[in-house]
Amino acid sequence: MGIGTIARRTFLFGSAAVAGGFAVGYWAYKEPFENPLLDTLEPGQVAITPYVKIDAAGITLVSPRSEMGQGVMTTLAALVAEELDVDLADVAVEHAPASKAYYNQLLMDEAAGQPVTDNSASAEFARDAMRVISRFLGNQGTGGSTSTPDSFVKLRKAGAGARAVLIKAAAREMGVPARSLKTDNGSVVAPDGTRLAYTALAAAAAKESVPSDPDLKPQSEWKILGKSQRRVDMVAKATGTAEFGIDVQLPDMLYATVKMNCHIGSGIRSFDLNGVDERPEVKRVIALDHGLAIVATNTWYAFRAAQDIMVDWEGPSYPKSQDEITASIYQAFDTEYDSRLRDDGDIETALSDGEIVSGTYQVPYLAHATMEPMNATGWYKDGELDIWTGTQAPTMARTMVAEETGLPESKIRIHTTYLGGGFGRRSETDFVKQAARIAMAMEGTPIKMTWSREEDMCHDQYRPLSAAKFSGCVKDGRIDAFDLQVSSSPTAIDGFSRRGMNLNIPDPTIVQNAWDNPYEIANYRVTGYRAPIALPLGFWRSVGASKCGFFQEAAIDEVIHAAGLDPVEARLQLLSHEPSRKVVEAVAAMSNWGSPLPDGHGRGVAFYLSFGVPSAQVFEVANTPYGIRLVNIWAAVDVGTALDPRNIEAQVQSGIIYGLSAAIKGEITVVDGRVSQSNFHDYDGLRLRETPPIHVAVLENGEKIRGIGEPGTPPAAPALTNAIFAATGQRIRALPLANHIAFA
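Residues numbered from 1 in each chain as written. Predicted model: local features only at pLDDT ≥ 70, side-chain atom pairs only at ≥ 80, totals over all residues. Heavy atoms only, no water.

Engineer: Just checking my understanding: could you explain the sheet that holds strand β14 (residues 355-363) for this structure?
Structural biologist: Note: strands within a sheet are paired through backbone hydrogen bonds, in either parallel or antiparallel orientation. The sheet built from 5 strands is open, its strands ordered β13-β21-β20-β19-β14 with mixed pairing. With one partner strand each, in any of the chains shown, β13 (339-344) and β14 form the two edges of the open sheet. Recorded for the sheet is a direction-independent mean angle of 10 degrees between the axes of neighbouring strands. The pairing of β14 with strand β19 (residues 466-475) spans 9 bridges and is antiparallel. (Pairing = 2+ DSSP bridges. Helix = DSSP H or I, 4+ residues; strand = E, 2+ residues; numbered from the N terminus. Axes fitted to C-alpha atoms, helices over the stretch in contact; angles between N-to-C directions.)

Dropping the structure here:
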């Protein structure tokens with residue numbers, strides 16, 4: 001069903017939910033999903049809820065979200081362990097099967113179009129409507145910093161519900177009232193001290209009805225949540241025993257790779273196997289959409305064979321040169337705007353008087369460049385298809401594989417492994433569909449399909465090349481007006497179209513969070529312009545906020561300096577949202593903002609509120625004879641409720657490093673219709689020797705619990721460019737910075 005159709009029906013679902021009236025759609029919405037674990041249990045196992053399995057070995061959390069290094073398995077396990085009264089170390093964790101029972105309710109919240117700081121009844125109604133759509137779509141997705149807030153109540157209720165039925169089962173066995181029993185460290189305890197282990201009670205507990213709304217522990221009684229935890233995946237990853245997609249091994253397995261047209265979306269005119277098919281290690285060459293798959297006895301043989309096949313590729317359907325694509329971005333400024341979500345005051349009149357500051361910013365295409373290249377293993381036998389892969393979207397992968405192969409979804413099983421980096425790239429299904437096609441062609445034999453790094457670089461879904469124009473007005477030492485115009489190809493429109501959904505709405509990623517950041521300026525306008533799509537676009541870490549954070553915070557820093565104001569004090573004066581003010585105050589205190597610095601040093605500050613999380617960063621840099629050296633970074637974030645402070649700190653550091661890698665070095669360019677970059681020698685990341693100490697403060701003033709995978713990235717680039725300006729007087733408006741200035 002198209003997203004537009006669902007959206008039209010949202011009013012029925014939403015009105016029924018709020019008014020309490022009767023509607024078939026509403027009752028369908030409220031109907032619980034069946035427990036997908038019941039058909040997969042081994043002898044002696046019970047699944048009290050879709051999230052909790054118990055057997056003689058102990059308790060297993062079935063994680064609804066994919067683990068890609070963000071620590072989500074640990075946090076979700078802690079939610080269950082807290083309510084079950086078990087030690088986190090005693091909880092095993094595994095990825096959930098693909099099932100709508102694990103849908104992510106919050107993935108479409110931003111599509112509601114409400115300012116993130118607006119918690120009014122009307123704003124919550126709009127979000128609730130999008131959550132109804134999320135349930136009907138049933139997307140078991142990991143992304144958008146939604147995993148923790150989506151699971152915060154859901155998984156605690158799963159743990160509390162399991163605890164309740166274990167107590168019921170113990171009460172029956174002991175012949176005592178349930179209210180007289182308590183739980184402790186994996187056992188139900190009677191008043192006389194008798195203990196019955198959960199493992200002994202599991203079978204009886206599975207026969208009890210689970211309460212739909214069990215009581216949850218108050219925060220004052222938390223023993224696990226709110227404290228830093230040892231990662232549940234730490235030992236396996238440190239010892240190399242964790243299974244990523246690229247590690248999967250099956251009996252009598254063959255190996256494959258692909259050779260695809262780097263004029264993305266175009267096909268093949270002709271090809272010459274060049275004797276590849278006569279090599280004993282090469283088992284088959286299979287035609288795919290836009291390219292070929294080569295199956296061999298190991299991955300290296302497949303890579304070598306792919307290199308040796310001669311192909312005459314069709315040309316691109318989009319502009320061949322970087323200059324043409326860039327020109328189309330700027331031409332979009334002269335078209336009708338896609339969105340104008342903020343238009344306070346009278347910007348035209350305000351910009352006709354006073355000191356005017358204006359300029360243009362630009363950012364390039366960016367690749368995801370995960371350390372583990374795209375891969376998936378497929379095994380088609382007896383009319384059923386199993387796929388092992390690291391995916392951020394198991395149910396979407398299953399649906400797209402069904403469309404690709406013609407198999408019913410009931411005959412397709414997606415086995416989610418650890419992800420060697422995701423950043424949004426593994427929410428795509430192109431590589432999964434390829435593995436499915438290859439497996440179907442090689443019936444009965446498991447095939448591991450692995451992309452080369454070069455294929456990975458030239459077949460990404462990229463963060464779009466984008467530009468911004470700004471004008472600011474200074475009057476009487478204050479900022480009187482700020483106008484931001486952003487031109488970009490539409491990431492959400494393109495990304496969702498590959499998922500079978502046609503969004504006939506303004507694209508929210510073009511001006512993501514630039515319009516609803518809580519700066520109070522009398523005359524304030526944010527406009528988005530939709531440029532044509534050339535390279536395919538995807539959800540890159542923090543998505544549109546990654547570019548808009550740079551545009552807004554570098555531009556507003558220019559206006560602040562033009563007004564002769566202190567960058568921290570000016571932001572505090574402009575911010576109307578108290579949690580946002582608190583992170584700026586915190587990071588200023590951490591960095592000793594305003595204290596004297598050595599000659600050649602400079603500090604820069606940036607603030608951005610994205611994915612509901614206010615984030616502020618201060619960078620200190622030194623201007624040396626060898627180039628700019630990063631000296632120190634301070635960051636403060638507010639997640640509302642901090643469930644695992646050390647993990648939050650790690651995610652903020654990770655987001656900053658990812659943002660800095662892009663800001664300093666990251667650039668995808670197009671020559672003759674194909675991506676020029678091919679590997680880490682020409683698309684590098686920040687190295688350890690280049691990374692300064694990163695100090696993080698985690699605050700809890702926000703109204704709601706929030707996730708943290710994305711919000712550390714947007715302030716990184718502007719904090720750095722603002723610091724470079726402070727140290728050198730040079731204002732750099734285009735990324736990557738290494739094209740304009742040397743780094744030590």
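Let us keep going from here.
Engineer: Before we go on, may I ask you to explain the packing of aromatic side chains in this structure?
Structural biologist: Each aromatic ring pair is described using two quantities: the centre-to-centre distance and the angle formed by the ring planes. Within the structure shown, the criterion is met by 16 aromatic pairs. Taking 6.1 Å as the distance between ring centres and 50 degrees as the angle between the ring planes, the aromatic pair formed by Y330 and F333 counts as tilted. Residue Y330 is classed as partly exposed on the basis of its relative accessible area, which comes to 25%. Arranged with centres 5.6 Å apart and planes meeting at 65 degrees, the rings of F333 and Y529 form a pair that is edge-to-face. In this pair, F333 sits in the loop between α9 (322-331) and β13 while Y529 sits in strand β21 (residues 523-530), placing the two residues 196 residues apart along the sequence. Like Y529, F333 is buried. The rings of Y361, F470, F482, Y524, F550 and F551 are connected pair by pair, giving a single aromatic cluster. The aromatic ring of Y103 is capped on one face by K154, whose charged end is 5.1 Å from the ring centroid. Over the ring of W379 we find K381; its NZ or CZ atom is 3.9 Å from the centre of that ring. (Phe/Tyr/Trp six-rings, centres within 6.5 Å; stacked < 30°, edge-to-face > 60°. Buried < 20%, exposed > 50% of the residue type's maximum accessible area, 1.4 Å probe, protein only. Lys NZ or Arg CZ within 6 Å of the ring centre and 35° of its normal.)

Engineer: Looking at this model, I keep getting lost on the pattern of salt bridges. Mind explaining?
Structural biologist: Where side chains of opposite charge bring their charged atoms close, a pairing between them can arise. One pass over the full model with this rule turns up 48 salt bridges. D289 is the salt-bridge partner of R437, the closest N and O atoms lying 3.6 Å from each other. Here R437, found in helix α12 (residues 430-441), pairs with D289, found in the loop between β10 (282-288) and β11 (291-296); they are 148 residues apart in sequence, far enough to count as distant. Across the pair E384 and R413 runs a salt bridge, and its minimum N-O distance is 3.1 Å. Here E384 is found in strand β16 (residues 384-389), whereas its partner R413 is found in strand β17 (residues 412-416), with 29 residues between them in sequence. (Salt bridge = Lys/Arg side-chain N within 4 Å of Asp/Glu carboxyl O.)

Engineer: Whenever I open this one, the state of the cysteines confuses me. Can you help?
Structural biologist: Here a disulfide denotes a covalent bond joining the sulfur atom of one cysteine to the sulfur atom of another. Applying the stated criterion across every chain, the model contains 1 disulfide. There is a disulfide in this structure between C262 and C458, and the S-S distance comes to 2.1 Å. A torsion of -60 degrees about the S-S bond marks the disulfide between C262 and C458 as left-handed. One end of the pair, C262, is in the loop between β8 (254-260) and β9 (268-272); the other, C458, is in helix α13 (residues 453-458), with 196 residues separating them in the sequence. Across this residue pair, the class does not change: C262 and C458 are buried. (Disulfide = S-S within 2.5 Å.)

Engineer: I would appreciate a short explanation of the sheet that holds strand β7 (residues 195-197) in the present structure.
Structural biologist: If you trace the 3 strands from one edge of the open sheet to the other, you get β5-β6-β7, paired in antiparallel fashion. Single-partner strands in this sheet number two, and they are β5 (182-184) and β7. Between one strand axis and the next, the sheet turns by 30 degrees as a mean value, whatever way the strands run. Of the strand pairs in this sheet, strand β6 (residues 187-189) and β7 are connected by 3 bridges, and their pairing is antiparallel. Within the sheet, the bridge partner assigned to S187 lies in β7 and is A197. Helix-sheet contacts for helix α6 (residues 198-205) involve β5, β6 and β7, and the interaxial angle to β7 is about 70 degrees. (Contact = heavy atoms within 4.5 Å.)

Engineer: Before we go on, may I ask you to explain the environment of N274 in this structure?
Structural biologist: Along the chain, the position of N274 falls in the loop between β9 and β10. N274 sits 450 residues away from I724 along the chain, and the two C-alpha atoms are 53 Å apart. Discounting chain neighbours no more than four positions away, the residues touching N274 are D308 and M310. A polar atom in the side chain of N274 sits 3.1 Å from the backbone oxygen of D308. (Polar contact = N/O pair within 3.5 Å; in protein donor to acceptor, adjacent residues only side chain to side chain.)

Engineer: I would appreciate a short explanation of the nonpolar core in the present structure.
Structural biologist: In a soluble, globular protein the nonpolar side chains are often hidden away together inside. With 86 residues, the main nonpolar core has F482, F619, I656, L660 and L720 as its most contacted residues. Every residue in contact with F619, bar those within four places of it in the chain, is listed here: G602, R603, G604, N632, I633, I656, L660, A716, A719, L720 and A723. By size, the runner-up hydrophobic cluster in this structure holds 46 residues, among which are I48, L76, V80 and A202. (Core = buried A, V, L, I, M, F, W, Y, C linked by side-chain atoms within 4.5 Å.)

Engineer: Mind showing me how you'd approach helix α4 (residues 121-137) here?
Structural biologist: Residues three or four positions apart in an α-helix share a direction because the helix packs 3.6 residues into each turn. Over its 17 residues, α4 extends 24 Å from the first C-alpha to the last, a length consistent with the 24 Å expected when each residue adds 1.5 Å. Looking at α4, one finds that the buried residues are A123, E124, A126, R127, A129, M130, R131, V132, I133, S134 and R135. At the exit of α4 stands G138, carrying a positive phi of roughly 65 degrees. (Expected span 1.5 Å × (residues − 1).)

Engineer: What should I look at first to understand the pairing of strand β12 (residues 310-313) in this one?
Structural biologist: Of the two faces of β12, the one lined by V311 and W313 is fully buried and the one lined by M310 and D312 carries no buried residue. Across 4 bridges, the pairing between β9 and β12 is antiparallel. Note that in β12 the partner of F271 across the bridge is V311.

Engineer: Looking at this structure, how should I read the environment of S328?
Structural biologist: Position of S328 relative to the elements: it lies in helix α9. Under the relative-accessibility criterion, S328 is labelled buried at 15%. In this structure, the C-alpha to C-alpha distance between S328 and N517, residues 189 residues apart in sequence, is 28 Å. Those residues in contact with S328 that lie beyond four places of it in its chain are A531 and P532.

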